[in-house]
Amino acid sequence: MSASTHRMAPPKTLSILLRHERRMALADRSLLIALAIFAAATLYALASGAAWLRGREADVALAAAQSKQRTADFQTDLRIYEAGQGATLGEKPGWYPGWIKSPLAPDARPGLASLPLALMASNAGEVQPALATMRVATSRYALFDDARASTQNPATLAVGRFDLVFLLTAVLPLLLLAFSHNLLSSELEQGTLALVAVQPVAMTRVVLAKLLSRAAVLLLPALSVIVVGLLLFAGVPASAAAWRDLGALLLMIVSYSLFWLLLSAWVNVRGRSSSSNALRLGGWWLALVLVIPSLLNLLVLGLQPPPDRAELTNRLRATVVNARNGGKNLVSDFNLQHAEQPIRGDANGRDNFDSPKAILKSWLVAQASEAAVAPIADAFERRLSAQQRLAERLRFLSPALSFQSALNRLAGADRSRTEQFIAAVRDYQAAFRGYFVPKIEAGASMTADDLDRIPAFVMPAPRRGSALIADWLGLAWPSVLLALLAARGFRRFRVGK
Amino acid sequence: MIITIARREILDTWRGGQVRLAGAILIGLLLLALAVGLQHQARADAARKTAQAEDTRIWLSQGKLNPHSAAHFGRYIFKPQGALAFVDEGVNPYAGSAVYLEAHVQTPSRARPADDAALLPVFGELTAALVLQLLVPLLIILVAFAGFSGERENGTFRQLLSVGVTRRALVLGKALGLSASLLAILVPVAVIGSAALLVSGHGAIDLLRLALMSVGYLLYFIAFAGITLAVSARAPSSRQALVVLLGFWLLSSLLLPRLAVDAANHLAPVPTVASFRKVLADDVRNGISGHDAEDARLSSVKAALFKQYGVSRIEDLPINFDGIALSEGERYGALVMDRRYGELWQQYQRQALVQRAFALLTPLLAVKPVSMALAGTDLTVQRDFTEQAERYRRQSIQLINDDYTVNGKLDQWTDDAGGPELWAKVPRFQYVEPSMQAALMPTLPDFALLVLWSGAALGLALWAIRRTSVEI
């Protein structure tokens, strides 16, 4: 055998081994069945996620349409009023002549725009506020109160939907472990590993090749199904950002899968029996997917107890009462400061709810109570985000949590997207108030034309690049560790007893 | 004989290092979950009492105000945790913990704890229920999967039969041994749980709840033990027995419960919150039938009043027509709310039925409702609470509207029409938790399913061992 053919030999042997490995895998009926079940489960999870998302988007659209309709109704009535026919409106329930002119009356329903992959995460999306309810006098801390009331069945939510995040976080690892737990042990048990060991190929390469071929056999079909399912149920990505999201999703799935395969390799190089490997890997799955995330959750609750929302609600309401009890003074103070144009009751001297003075009072009360509660409410929100940050740091302790976090982020169902939505709605509220408050403070009424120029809400694109990289690092470091451990274990690995 | 077999089983179990480790971890998790749960429940109950008292104080601290504005300002009612929430938090994380009561409408309960949770672990919070429902069955499988297949593989099965051990005695002995091992874990936990209950001021009723809950879980474990022994008896090897049993656990604990949720959502859809609110508003405005619009309803009330008082203008009425209009709105609103919320709860119930149907496939879905009902954290309590809150809302608003009818001035809506005397007239809300009987009745079928599961599983084990062969 010449030197050159000897150099040629390893790749050839390797490719034979690989081909054998692939043939064995494809001949394994149980693998095909498992992949078929996984494919069905993926499509099912996506279909069910798409149905959930349609419901949420319909809700957001409905609220926007209702708000638009209400404004249009105001406009119609205002036009009648401006034409001097106001008296005909008096009897219409809910539409008092003064109220339609009031700058306090128009509302807006800014809604969360879904990201292309939102259908993956119906469980996390379910607890995300997707709609705000806003009038000029709505407290900035109460914008999402309506969104916090839910008609969904708490008993089913407590169990959780079968969404893609669940499938990939909890079930995909089981598929990977089921078909890699005997990576070496099966050949050890059959005695064929010794035959492989005498081939002129480095064992490291053989093991790596076996690992990669298992990965390919399992992951290529799984990823294809996920991509097909997404194209089917989420549509073809319509923008560069959507393609990037899809790419990032696939990268995360591959990295997460690699972690489980490396875990399997590490357990295998210990040279135990297949059933012992299976039991150990099952234990790891249980620990990493079920026990540790729940324990970390306890740790978060222990270290950063959630602030008490009932207490915040009471504080908010107490400041409203205080401000309202001092409402008269608020108006007279305002009129002292604006002596050139004081705001009074309406033309017939009445001071009922739709008079400029009552409207001003409502606004001043809202403003005063909001200012009074701001320190407490801001502290509440700081505590919530501190809890959030702690949780984000702890996710590095569990690849399952990092992966779940990455997927929720890609779906736009994570807390940072929620916080972004809340911040955007508050910015919008500032613009909204900027439009109406000058009219209130001037004692002016709305005109039909004014209602055409109400600022519109725009939901900004997500900012999450660095957070996604951090999620990925949470997946990568355990994989690197396992690769090192497996390599070290492998050096001590003996094919024979 | 049975006792001897059982004793040997216990010894075998105890000798296994993996089982001992798993058992120790399990006890640790269970105790941790109970301790944290107790602390959490105590804190939540204290916070709720403070919050409820504070709501009353705020309500009474309102100065002069138009009664209708006060009705819109409304009240908040906070929900108690449930007697044994520290064992099983049930629907609590996803059920509104507060009900906002305001004029005109019944709003869905709000402030779900899960909305503020920083982490949403795939399997929920670590509670005793999670350990009992998901992890203990795994331990049972781990302890007993080789129960018969192992004897066969070691050749000891033949020996046992040859010295006159009957198959029936073997099954019962092994089941007894398994139960003893489990009880060694569960009894200390139950004792600690009961002690904690008594120390934290719970009564005898709650102890009874805990006892019944233990029965429920015991039936659940028996179901798993029976299935494990049956599979162990029939499987060609211990390894295959383990694969089948883990597959069953996976299906029963992981996949079927969530598939049941999806099926329930599909078969009994629940409206989203914005569409539900729209339905309520449309019903109030246009009438439930669509032929009974708000203004027409009001006109007929007006006509009746004109007739009663012999006047022809609302200004001439001796009472404030605005108050009458508000009361009429509430009267009709109550019809709408009863109907639409009734439909909503009916959908929840249908969803529960779908889940119960799945309980024929997985015992987890049979033990879950039993556990929640006994913990006082199920939908029955949630419904009872929201309904009591709604009755209280109607009462309070009616009182305020009646006052406005007598004391308010037509079309004025001024802030001097109401004051502290009126706020003080509104009674306090006192939630009366449903009796244990009322709480348990709806879950009797689930209890029956548990009995069925455990009976069938034991029967299966007996059948399997009678038919199992001595040879490998």
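Residues numbered from 1 in each chain as written. Chains lettered and ligands numbered in written order. Predicted model: local features only at pLDDT ≥ 70, side-chain atom pairs only at ≥ 80, totals over all residues.

Engineer: Please clarify how the overall build of chain A should be interpreted in this entry.
Structural biologist: Counting secondary structure elements, chain A contains 17 helices and zero strands. Its C-alpha atoms give chain A a radius of gyration of 31 Å, clearly above 23 Å, the size a compact globule of 497 residues would have. Along the three orthogonal principal directions, the C-alpha set of chain A runs to about 110 × 45 × 45 Å. When burial is assessed residue by residue, chain A has 44% of its 497 residues classed as buried. Looking at chain A alone, contacts between residues at least 24 apart form 84% of all its contacts between residues at least 6 apart. (Helix = DSSP H or I, 4+ residues; strand = E, 2+ residues; numbered from the N terminus. Rg over C-alpha atoms; globule rule 2.2 N^0.38 Å. Buried ≥ 20, exposed ≤ 12 C-beta atoms within 10 Å, placed from the backbone. Contact = placed C-beta atoms within 7 Å.)

Engineer: Looking at this model, I keep getting lost on the interface of chain B and chain A. Mind explaining?
Structural biologist: The extent of an interface is frequently quoted as the accessible surface area lost upon association of the parts. On the chain A side, the residues contacting the 70 residues of chain B number 66 residues. Where the side of chain B that touches chain A is concerned, the elements lending two or more residues are helix H2 (17-60), strand S1 (75-78), helix H9 (238-267), helix H10 (273-286), helix H11 (294-309), helix H12 (321-358) and helix H14 (379-407) of chain B. Here the element with the most residues in the side of chain B that touches chain A is H9 of chain B; it accounts for twelve residues. Of the residues that constitute the side of chain B that touches chain A, the class distribution is 42 nonpolar, 14 polar and 14 charged. (Nonpolar A, V, L, I, M, F, W, Y, C, P; charged D, E, K, R; others polar.)

Engineer: Looking at this model, I keep getting lost on the packing of helix H4 (residues 128-144) of chain B against H9 of chain B. Mind explaining?
Structural biologist: Angle between the axes and distance between the axes are the two parameters that describe a pair of packed helices. Residue and element names in this part refer to chain B. Following both chains from N to C, one finds H4 and H9 inclined at 170°, their axes separated by 10 Å at the closest point. As summarised for this structure, H4 and H9 are arranged roughly antiparallel, according to the angle between their axes. Note on element contacts: H9 touches H4 through Leu-245, Leu-246, Trp-249 and Ser-253, opposite Leu-134, Pro-137, Leu-138 and Ile-141. For the contact of H4 with H9, the per-class residue count stands at seven nonpolar, one polar and no charged. (Axes fitted to C-alpha atoms, helices over the stretch in contact; angles between N-to-C directions. Parallel < 35°, antiparallel > 145°, perpendicular 65-115°, else oblique.)

Engineer: How do you make sense of the confidence of the model for chain A when you look at a structure like this?
Structural biologist: Should pLDDT be low for a region, the predicted coordinates there are not to be read in detail. For chain A, per-residue confidence averages 87 on the pLDDT scale, and 94% of positions sit at 70 or higher. For the stretch residues 1-9 of chain A, pLDDT sits under 50, and the model shows two contacts to residues farther than four places along the chain or on other chains. (pLDDT = per-residue confidence, 0-100.)

Engineer: Would you take a moment to explain the environment of Leu-38 of chain B for this structure?
Structural biologist: Residues and elements named next belong to chain B. Tracing the backbone shows Leu-38 in helix H2. In this structure, the C-alpha to C-alpha distance between Leu-38 and Val-87, residues 49 residues apart in sequence, is 8.1 Å. Leu-38 has contacts with Phe-86, Ala-196 and Ser-200, leaving out every residue within four places of it along the chain.

Engineer: Can you help me understand the confidence of the model for chain B in this one?
Structural biologist: All names here are of chain B. On average, residues of chain B score 88 in pLDDT, and 98% of them reach the 70 mark or higher. Averaged pLDDT values over the elements of chain B bottom out at 74 in helix H5 (residues 149-154) and peak at 96 in helix H13 (residues 364-375). Two summary scores accompany this predicted model of the complex, namely pTM at 0.90 and ipTM at 0.90.

Engineer: Help me out: how do you make sense of H13 of chain B in this one?
Structural biologist: The α-helix advances 3.6 residues per turn, and as a result positions three or four apart in sequence lie on the same side. Residues and elements named next belong to chain B. Spanning twelve residues, H13 covers 16 Å between terminal C-alpha atoms, matching the ideal 16 Å at 1.5 Å per step. Along H13, twelve of the twelve residues are buried, which leaves the element largely enclosed by surrounding structure. Gly-376 sits one or two positions beyond H13 and adopts a positive phi of about 75°. (Expected span 1.5 Å × (residues − 1).)

Engineer: So what exactly am I meant to see when it comes to the nonpolar core here?
Structural biologist: Side chains of a nonpolar character, in soluble globular proteins, are inclined to be buried together. Ranked by size, the top nonpolar core spans 198 residues in total, and within it Leu-407 of chain A together with Ile-140 of chain B carry the most contacts. In contact with Leu-407 of chain A, not counting residues within four places along its chain, are Met-120, Ala-121, Val-165, Leu-168 and Met-252 of chain A. One finds Leu-143, Val-331, Ala-366 and Tyr-428 of chain A within the second-largest nonpolar core, a separate group that totals 50 residues. (Core = buried A, V, L, I, M, F, W, Y, C linked by C-beta atoms within 7 Å.)

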